[in-house]
Amino acid sequence: MGEKSFDLLVIGGGINGCGVARDAAGRGLSVLLVEKDDLAQATSSASTKLFHGGLRYLEHFHFRMVREALQERETLLRMMPHISWPMRFVLPVTPGLRYAQDNSSLGRVLAYIPGLAGRRPGWLTRIGLFVYDHLGGRKILPACRALNLRDHPAGAPLQDRFVKGFEYSDCWVEDSRLVVLNARSAQGHGATIRTRTGFEGARREGGVWRAELLHADGTRETVSARAIVNAAGPWARDVLTGDMQRGNRHGLRLVRGSHIIVRRLFDHDQPYFLQLEDGRIIFAIPYERDFTLIGTTDVDHEGDAGAAVCSDAERNYLIAATNRFFKSGISKDDIVATFSGVRPLYDDGASSASAATRDYVLTCEDEQGAAALVNVFGGKITTYRRLAEHVMDKLHPYFPDLGESWSGGEPLPGGDFDIGDRQELVIRLQRTFGFLTAEWATRLVTAYGTDAFTILEGATSREDLGRHFGGTLHAREVDWLLTREWASSVDDILWRRSKLGLVLTPEEASALAAYVANHLADHLYSTRKASAGDKVVVTG
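Predicted model only: the values in this text are computed from it and were never measured.

*Asks:* An account of the overall build of the protein is needed here, citing residue identities and associated values.
*Replies:* Check the secondary structure of the protein and you find 14 helices and 20 strands. Taking 24 Å as the expected radius of gyration for a compact globule of 540 residues, we find that the protein reaches 24 Å, a close match to that expectation. Along the first, second and third principal axes, the C-alpha atoms of the protein reach 90 × 65 × 40 Å. Of all 540 residues assigned to the protein, the portion counted as buried reaches 57%. Residue pairs in contact within the protein that sit at least 24 positions apart in sequence constitute 70% of those at least 6 positions apart. Working note: accessible area of the protein is about 22,800 Å², and carbon and sulfur atoms make up 50% of it. Positive and negative side-chain charges of the protein, numbering 64 and 68 respectively, have mean locations separated by a distance of 4 Å.

Set out below in structure tokens:
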């Protein structure tokens, strides 16, 4: 078999890499994406799971980034109404709030105004929310409004000192599913997606890149590509060796963000935006029906980005911060799970991890007008699609016949329904498959949208879905994940394709692991048999 060639090689199966692969394939390029582990295994599955403009970034005067993110919220809502939906955030006004150290751009201005140094009075917060409402041209989402927390349901779980607050709009997103659906869309447009495939290096030769790949079984492969996009996230610097290192002097700042998950802290479905005395904010968000997600921290990270864990200090920080707001305090014994991710931020020399820019920087270099390399540094999950468009702008000189921008006008797989029809889709799924409970149908629609009908096609009872692994997970769904969504381990299924790891017992997870292992063994046998050249002889 000869060496395979592509227009574009994308390194990294996080949201930026999969977004670039989707956009490029949809514009007519032949695309290969390689990911050394699972899709969304690192940063892209460890976010706070929000499409948001970044209200706190207004204090740092990052207006371009916030405006772009605010504009994207509504585009993304239309593209993926199954995995993203609007939420009304509650921002309680802390009486007498004064930041211990106010290093923001706004803080430096307030320092010159008598009585406002380090302060965030309610009227100033209201001005910020007004800007947030109008900066991005909001059309779908409702505007900010003031709240009397004494009689609003969101005030009931809060300590009595919180009397006033505000309510504003942002959006939830199932982050790891966002990545997988972008990969599926890219594949649908002709891209090749290879997980468990490491990038070992590349060199320029004859106006193209020749890249060395390492597969999970230890075999090596050389492919050629006219251009490379380095979207390796926290490992972007590691990719830059040999020919790829030339002209790239930009740095990354690795910042760890950790979250804790506790049993449900409040009985309503609105999340909280909580301002802390150290100048940071955290969110407390309803999560997977029975839980509350709390985070995130901002800590400079040293060591392997793939081995990030929530430290005791971060855990204690989030517990203490939460206990400054809610009547029912929490302790470490209330934590049912934690997760951490390393954000690969562009190193702008900021004095602290929380002040480092969340904006992205793209660099592009070539050799005599060919063999281009685009590096992606930084970025936010909310602006992944715009980032991909800007990567295409960088690549356009090397592909003059590149198609027009298109990615915002086509829904992701399963998202071909209107924003307001989500509950109707749940009801229709239940009517079609009468054995589904409302909770089960909601989970399936949230994960798969209209594809849920394809997964369940032909089933008239729960038994038709095959082996039951716990919760509402059955073999039919597992097989879909293994064959259609690149899952190849129990963690892929329980923590990235879903969050059923919060529900299944260790014994159930072990049974699932055995099922996955058997499936992979059967697949490997079939692949080896096919590659050995077995022939079917037709007689008669």
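*Asks:* Residue-level account of helix α4 (residues 122-135), with values.
*Replies:* Here α4 contains 14 residues, and its C-alpha end-to-end distance of 20 Å stays within 8% of the 20 Å for a straight helix at 1.5 Å per residue. Three or more residues of α4 are buried, namely L124, T125, L129, Y132 and D133. Buried positions along α4 lie against α2 (63-79), β4 (84-92), α3 (105-110), β6 (164-173) and β12 (272-275).

*Asks:* Now, about the pattern of salt bridges: what can you tell me, with residues and values included?
*Replies:* Within the structure shown, the criterion is met by 41 salt bridges. Each of R64, E68, E72, D359, R385, R386 and E389 takes part in a single network of salt bridges with overlapping partners.

*Asks:* Outline the environment of E508, listing residues and values.
*Replies:* Note that E508 resides in helix α14 (residues 506-531). E508 gets classed as partly exposed once you look at its relative accessible area, which sits at 27%.

*Asks:* Can you explain the nonpolar core? Please cite residues and give values.
*Replies:* Inside soluble globular proteins, nonpolar side chains tend to come together where they are buried. Counting 50 residues, the largest nonpolar core has L8, L178, V229, V391 and L395 as its most contacted members. Not counting residues within four places of it along the chain, the set of residues in contact with L8 comprises V20, A24, S30, V31, L32, A225, A227, I228, V229, M392 and L395. In this structure, F433, V445, A452 and L482 belong to the second largest nonpolar core, which totals 34 residues.

*Asks:* Explain the packing of aromatic side chains to me, and be specific about the residues and the numbers.
*Replies:* This structure, assessed with the given rule, holds 16 aromatic pairs. Measuring from centroid to centroid gives 6.0 Å for Y168 and F273, while their planes differ by 80 degrees, and the two rings are edge-to-face. Placement of the pair is Y168 in strand β6 and F273 in strand β12, with a sequence separation of 105 residues. For Y168, a relative accessible area of 1% gives the class buried. What links up through ring pairs into an aromatic cluster is the set F89, Y132, Y168, F273 and F283.

*Asks:* Explain the packing of helix α10 (residues 438-448) against helix α12 (residues 475-484) to me, using residue names and the numbers behind them.
*Replies:* As a packed pair, α10 and α12 sit with axes 14 Å apart at the nearest point and diverge in direction by 10 degrees. By the angle class used here, α10 and α12 are roughly parallel. In this structure, α10 contributes R443, L444 and Y448 to the contact, and α12 contributes E477, W480 and L481.

*Asks:* I'd like to hear about the pairing of strand β18 (residues 370-378), residue by residue, with values.
*Replies:* β18 sits mainly inside the fold: eight of its nine residues count as buried. As defined by bridge partners, strand β10 (residues 220-230) adjoins β18 across four bridges and the pair is classed as parallel. Pairing of V229 across the sheet is with V374, part of β18. In this sheet, β18 lies alongside strand β17 (residues 360-367) in antiparallel orientation, the contact comprising seven bridges. The residue of β18 that forms the bridge with C364 is V374. Connecting β17 to the next strand, β18, in antiparallel fashion are two residues, including Q368 with a positive phi near 55 degrees.

*Asks:* An account of a nonpolar patch on the surface is needed here, citing residue identities and associated values.
*Replies:* The grouping of F61, F63, V109, Y112, I113, W123, I127, F130 and V131 at the surface amounts to a nonpolar patch, some 910 Å² of accessible area in total. Element by element, the count of residues in the nonpolar patch is highest for α4, at four residues.

*Asks:* Before we move on, can you summarise the environment of D451 with the specific residues and values?
*Replies:* For D451, the location among the structural elements is in helix α11 (residues 451-455). Not counting the four nearest positions on each side in its chain, D451 is found in contact with R184, P413, G414 and W480.

*Asks:* Account for helix α5 (residues 175-188), with residues named and values stated.
*Replies:* Compared with an ideal rise of 1.5 Å per residue, which puts 14 residues at 20 Å, α5 spans 20 Å between its outermost C-alpha atoms and is within 8% of the ideal. In terms of residue burial, α5 counts as a mostly covered element, since 12 of its 14 residues are buried. Taken as a whole, α5 has its buried residues at D175, S176, R177, L178, V179, V180, L181, N182, A183, R184, S185 and A186. G190 sits one or two residues past α5 and shows a positive phi near 110 degrees.

Parameters and conventions
- Residues numbered from 1 in each chain as written.
- Predicted model: local features only at pLDDT ≥ 70, side-chain atom pairs only at ≥ 80, totals over all residues.
- Heavy atoms only, no water.
- Helix = DSSP H or I, 4+ residues; strand = E, 2+ residues; numbered from the N terminus.
- Rg over C-alpha atoms; globule rule 2.2 N^0.38 Å.
- Buried < 20%, exposed > 50% of the residue type's maximum accessible area, 1.4 Å probe, protein only.
- Contact = heavy atoms within 4.5 Å.
- Areas by Shrake-Rupley, 256 points an atom, 1.4 Å probe, with all protein chains shown as cover.
- Lys, Arg positive; Asp, Glu negative; His and termini not counted.
- Charge placed at Lys NZ, Arg CZ, Asp CG, Glu CD.
- Expected span 1.5 Å × (residues − 1).
- Salt bridge = Lys/Arg side-chain N within 4 Å of Asp/Glu carboxyl O.
- Core = buried A, V, L, I, M, F, W, Y, C linked by side-chain atoms within 4.5 Å.
- Phe/Tyr/Trp six-rings, centres within 6.5 Å; stacked < 30°, edge-to-face > 60°.
- Axes fitted to C-alpha atoms, helices over the stretch in contact; angles between N-to-C directions.
- Parallel < 35°, antiparallel > 145°, perpendicular 65-115°, else oblique.
- Pairing = 2+ DSSP bridges.
- Patch = residues over 30% accessible without salt bridge, like charges linked within 9 Å, V, L, I, M, F, W, Y side chains within 5 Å.

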